[in-house]
Amino acid sequence: MKSLKVKKGDTVYVTTGKEGKVADGGIKGQTGKVIGVFPDDNVVIVEGLRPQIRHKKPKNAKAQGGRVSKEGPINASNVMVVCPKCGKPTRVGYSFTEAGEKYRCCKRKINGAVCGESLDKANKTDRRAADKKVEKKADKKVDKKAEKKEKKAKTE
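**Student:** Mind laying out the packing of aromatic side chains, listing which residues take part and the relevant values?
**Tutor:** This model, assessed by the stated rule, comprises 0 aromatic pairs. Here lysine 102 stacks its cationic end above the ring of tyrosine 94, 4.6 Å away from the centre of that ring.

Here you go:
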């Protein structure tokens, strides 16, 4: 199974495609939230972009038919993730927490330094919590070792 650097819930910027208004089919330069990711087909579905009209037939006397608009797929290579800190489209890099967990980060340079902001929304809080857990575990290990040494000293 393939994997993409774009995840559901990301805000993305469309880099290529037809220019103009969304209603006229133009999607280049637009931003939107990803509502679907299909790695096997290498496509993403972005909220409000690339609308497609489907004609729906009523299934029975009570059901209503008509024209239904829904979003169409966009090739994943034609979108870039927008960094929440910079607010600009960026390439996606990977980094590791102190606990050893992998997360996506911004690679855009700001004043010569890499932004490095986490692109994983859930990971921001998880990363901080994981760092605290690592510190607590290290403190507990030190405390347990000190207790064992004290017990040995008392028994001797």
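**Student:** Please set out the pattern of salt bridges residue by residue, giving values where relevant.
**Tutor:** With the rule as written, the count across this model stands at 2 salt bridges. For arginine 104, the salt bridge goes to aspartate 10, with nearest N and O atoms at 2.9 Å. Linking arginine 104 in strand E10 (residues 102-106) with aspartate 10 in the segment before strand E1 (11-14), this pair joins segments that are 94 residues apart in sequence. Each member of the pair, arginine 104 as well as aspartate 10, is classed as buried. The class of arginine 104 is buried, set by a relative accessible area of 4%. The structure contains a network of salt bridges with shared partners spanning Asp10, Arg104 and Asp120.

**Student:** If you had to explain the layout of surface pockets to someone new, which residues and values would you point to?
**Tutor:** Roughly 150 Å³ of internal volume is contained in the largest pocket. Looking at the largest pocket, the residues that line it are Leu4, Lys5, Val6, Ala76, Val79, Met80, Val81, Thr90, Arg91 and Val92. Considering each element in turn, the lining of the largest pocket owes the most residues, 3 residues, to strand E7 (residues 79-82). Each residue belonging to the lining of the largest pocket can be placed in one class, and the counts come to 7 nonpolar, 1 polar and 2 charged.

**Student:** Before we move on, can you summarise the sheet that holds strand E2 (residues 31-38) with the specific residues and values?
**Tutor:** Where strands meet in a sheet, backbone hydrogen bonds hold them as pairs that are either parallel or antiparallel. Read across the open sheet, the 6 strands follow the order E6-E3-E2-E1-E7-E8; overall the sheet is antiparallel. In the strand order of this sheet, the two ends are held by strand E6 (73-75) and strand E8 (89-90), each with one partner. Examined bridge by bridge, E1 and E7 share 3 bridges and lie antiparallel to one another. Bridging across to E7, valine 12 finds its partner in valine 81.

Calculation criteria
Residues numbered from 1 in each chain as written. Predicted model: local features only at pLDDT ≥ 70, side-chain atom pairs only at ≥ 80, totals over all residues. Heavy atoms only, no water. Phe/Tyr/Trp six-rings, centres within 6.5 Å; stacked < 30°, edge-to-face > 60°. Lys NZ or Arg CZ within 6 Å of the ring centre and 35° of its normal. Salt bridge = Lys/Arg side-chain N within 4 Å of Asp/Glu carboxyl O. Helix = DSSP H or I, 4+ residues; strand = E, 2+ residues; numbered from the N terminus. Buried < 20%, exposed > 50% of the residue type's maximum accessible area, 1.4 Å probe, protein only. 1 Å grid on protein atoms, 1.4 Å probe; cavity = no way out; pocket = protein on both sides within 12 Å on 5 of 7 lines; lining within 4 Å. Points joined across faces, edges and corners; volume = space filled by probe spheres on them. Nonpolar A, V, L, I, M, F, W, Y, C, P; charged D, E, K, R; others polar. Pairing = 2+ DSSP bridges.

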